[in-house]
Amino acid sequence: MDESHVEGDLVDILYSEKQIQDRLAELARRIEDDYEGRELLLVGVLKGAVMVMADLARQFNRHVEMDWMAISSYGAGTKSSGVVRILKDLDTDINGRNVLVVEDIIDTGLTLSWLVSNLSSRGPASVEICTLLRKPEAQQMSVDVKYVGYDIPDAFVVGYGLDFNEKYRNLRSVGTLAPHVYS
Ligand code: PRP
């Protein structure tokens, strides 16, 4: 792993490339067991989920299909508003399908609450959520998250899909951003 170009930008590494891959492998085995004998559609939420989707999908020893949504929060207060608009919808009709939403992080849980209710209205056989990271506030939300990689502290994390001003997404690990970068 060479992430020397961001040396000093990160306070610490929360999860290394290996830790992430090992955890995704564990989740994939559980998902394979749970969906045995049933088709499975993975729905990635752009852009953060790109890395999780790519690596989780390649852990499966079974057929899966993949589709994508791009969504955005309205307004300046973005994260707190809970109002979401669809920038790119699914290509797939999910009526009767088993949908597994794949996310990089659940922070307030507002995005997922909205997304699960939106997808559920389309008549799928099931909708479940898999996220690599979950912050403390999200644990109080009403939406049940079936597959969680790691519960993390409430810090500004970047890497492995997670950005600050669109940068750091391409890091192989997840780290805590140093306050001097964003303040
Ligand atoms: C992140 C993440 C989730 C959402 C979670 O996406 O990928 O979709 O925030 O936040 P919440 O639980 O508070 O709703 P972001 O809006 O940063 O877009 P991105 O994936 O394009 O980076």
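Residues numbered from 1 in each chain as written. Predicted model: local features only at pLDDT ≥ 70, side-chain atom pairs only at ≥ 80, totals over all residues. Heavy atoms only, no water.

Visitor: What exactly am I supposed to notice about the sheet that holds strand S4 (residues 84–88) here?
Guide: Strand-to-strand pairing in sheets goes through backbone hydrogen bonds, with the strands running parallel or antiparallel. Spatial ordering of the open sheet is given by S4-S3-S2-S5-S6-S7, a layout of 6 strands whose pairing is mixed. Looking at which strands have only one partner, the edges of the open sheet turn out to be S4 and strand S7 (147–151). Strand-to-strand, the axes of this sheet are offset by a mean angle of 30°, without reference to chain direction. Pairing geometry for strand S2 (residues 41–46) and strand S5 (residues 98–106), over 4 bridges, is parallel. Within S5, the residue paired with Leu42 across the bridge is Leu100. On top of the sheet, helix H1 (residues 17–34) reaches S5, strand S6 (126–134) and S7; it is set at about 155° to S7, its chief contact. (Pairing = 2+ DSSP bridges. Helix = DSSP H or I, 4+ residues; strand = E, 2+ residues; numbered from the N terminus. Axes fitted to C-alpha atoms, helices over the stretch in contact; angles between N-to-C directions. Contact = heavy atoms within 4.5 Å.)

Visitor: What exactly am I supposed to notice about H1 here?
Guide: Owing to its 3.6 residues per turn, the α-helix aligns residues three or four sequence positions apart on the same side. Relative to the 26 Å expected for 18 residues at 1.5 Å per residue, H1 spans 26 Å between its end C-alpha atoms, a close match to the ideal helical length. Along H1, the residues classified as buried are Ile20, Arg23, Leu24, Ala25, Leu27, Ala28, Ile31 and Glu32. (Expected span 1.5 Å × (residues − 1). Buried < 20%, exposed > 50% of the residue type's maximum accessible area, 1.4 Å probe, protein only.)

Visitor: Even after reading the chapter, I still don't get the sheet that holds strand S8 (residues 157–158), so can you show me in this structure?
Guide: In space, the 3 strands of this open sheet follow the order S1-S9-S8, with antiparallel pairing throughout. Because the sheet does not close on itself, it has two edges, and the strands there are strand S1 (10–15) and S8. Across 4 bridges, S1 lies against strand S9 (residues 174–177) in antiparallel orientation. Across the sheet, the residue bridging to Tyr15 is Val174, located in S9.

Visitor: Before we go on, may I ask you to explain the packing of aromatic side chains in this structure?
Guide: What describes a pair of aromatic rings is the distance from one ring centre to the other and the angle between the planes of the rings. Taken as a whole and judged by the stated rule, the model has 4 aromatic pairs. Between Phe156 and Phe164, the aromatic rings sit 5.5 Å apart at their centres with planes inclined by 85°, giving edge-to-face as the arrangement. Overall, the relative accessible area of 30% leaves Phe156 in the partly exposed class. Ring geometry for Phe156 versus Tyr182: centroids 4.8 Å apart, planes at 35°, classification tilted. A residue pair is termed long-range when its members are at least 10 positions apart, and Phe156 in the loop between S7 and S8 and Tyr182 in helix H5 (residues 179–182) qualify at 26 residues. (Phe/Tyr/Trp six-rings, centres within 6.5 Å; stacked < 30°, edge-to-face > 60°.)

Visitor: How do you make sense of the pattern of salt bridges when you look at a structure like this?
Guide: If charged atoms from side chains of opposite charge come close, those side chains can pair. Summed over all chains, the structure comprises 14 salt bridges. Two residues, Asp151 and Arg134, come together in a salt bridge whose shortest N-O distance is 2.7 Å. Here Asp151 is found in strand S7, whereas its partner Arg134 is found in strand S6, with 17 residues between them in sequence. Under the relative-accessibility criterion, Asp151 is labelled partly exposed at 39%. Take Arg134: its relative accessible area is 16%, and that puts it in the buried class. One salt bridge in this structure joins Arg169 and Asp163, with 3.6 Å as the shortest N-O distance. (Salt bridge = Lys/Arg side-chain N within 4 Å of Asp/Glu carboxyl O.)

Visitor: Is there a simple way to think about the nonpolar core in this case?
Guide: General note: in soluble globular proteins, nonpolar side chains tend to be found buried as a group. Counting residues in hydrophobic clusters, the biggest one holds 28 residues, and the most contacted among them are Leu24, Ile31, Leu42, Leu56, Leu100, Leu132 and Leu133. Here the element with the most residues in this core is H1; it accounts for 5 residues. In contact with Leu133, not counting residues within four places along its chain, are Tyr15, Asp104, Ile105, Ile106, Tyr150, Ile152, Leu162 and Val174. Counting residues in hydrophobic clusters, the runner-up holds 22 residues, among them Ile94, Val116, Ala138 and Val143. (Core = buried A, V, L, I, M, F, W, Y, C linked by side-chain atoms within 4.5 Å.)

Visitor: For this particular structure, what's the right way to read the site of the ligand?
Guide: Every one of the 15 residues lining the ligand counts as a neighbour, but Glu103, Asp104, Thr108, Gly109 and Thr111 are closest to it. Between Gly109 and the ligand, the recorded distance is 2.7 Å, taken from a backbone N or O atom to an oxygen atom. Calculation on the ligand without its partners gives an accessible area of 500 Å², and the protein chains cover 83% of this total. Contributions of two or more residues to the shell around the ligand are made by S5 and helix H4 (110–120). By residue number, the principal contributor to the shell around the ligand is S5, which donates 4 residues. (Near = heavy atom within 4 Å. Polar contact = N/O pair within 3.5 Å; in protein donor to acceptor, adjacent residues only side chain to side chain. Areas by Shrake-Rupley, 256 points an atom, 1.4 Å probe, with all protein chains shown as cover.)

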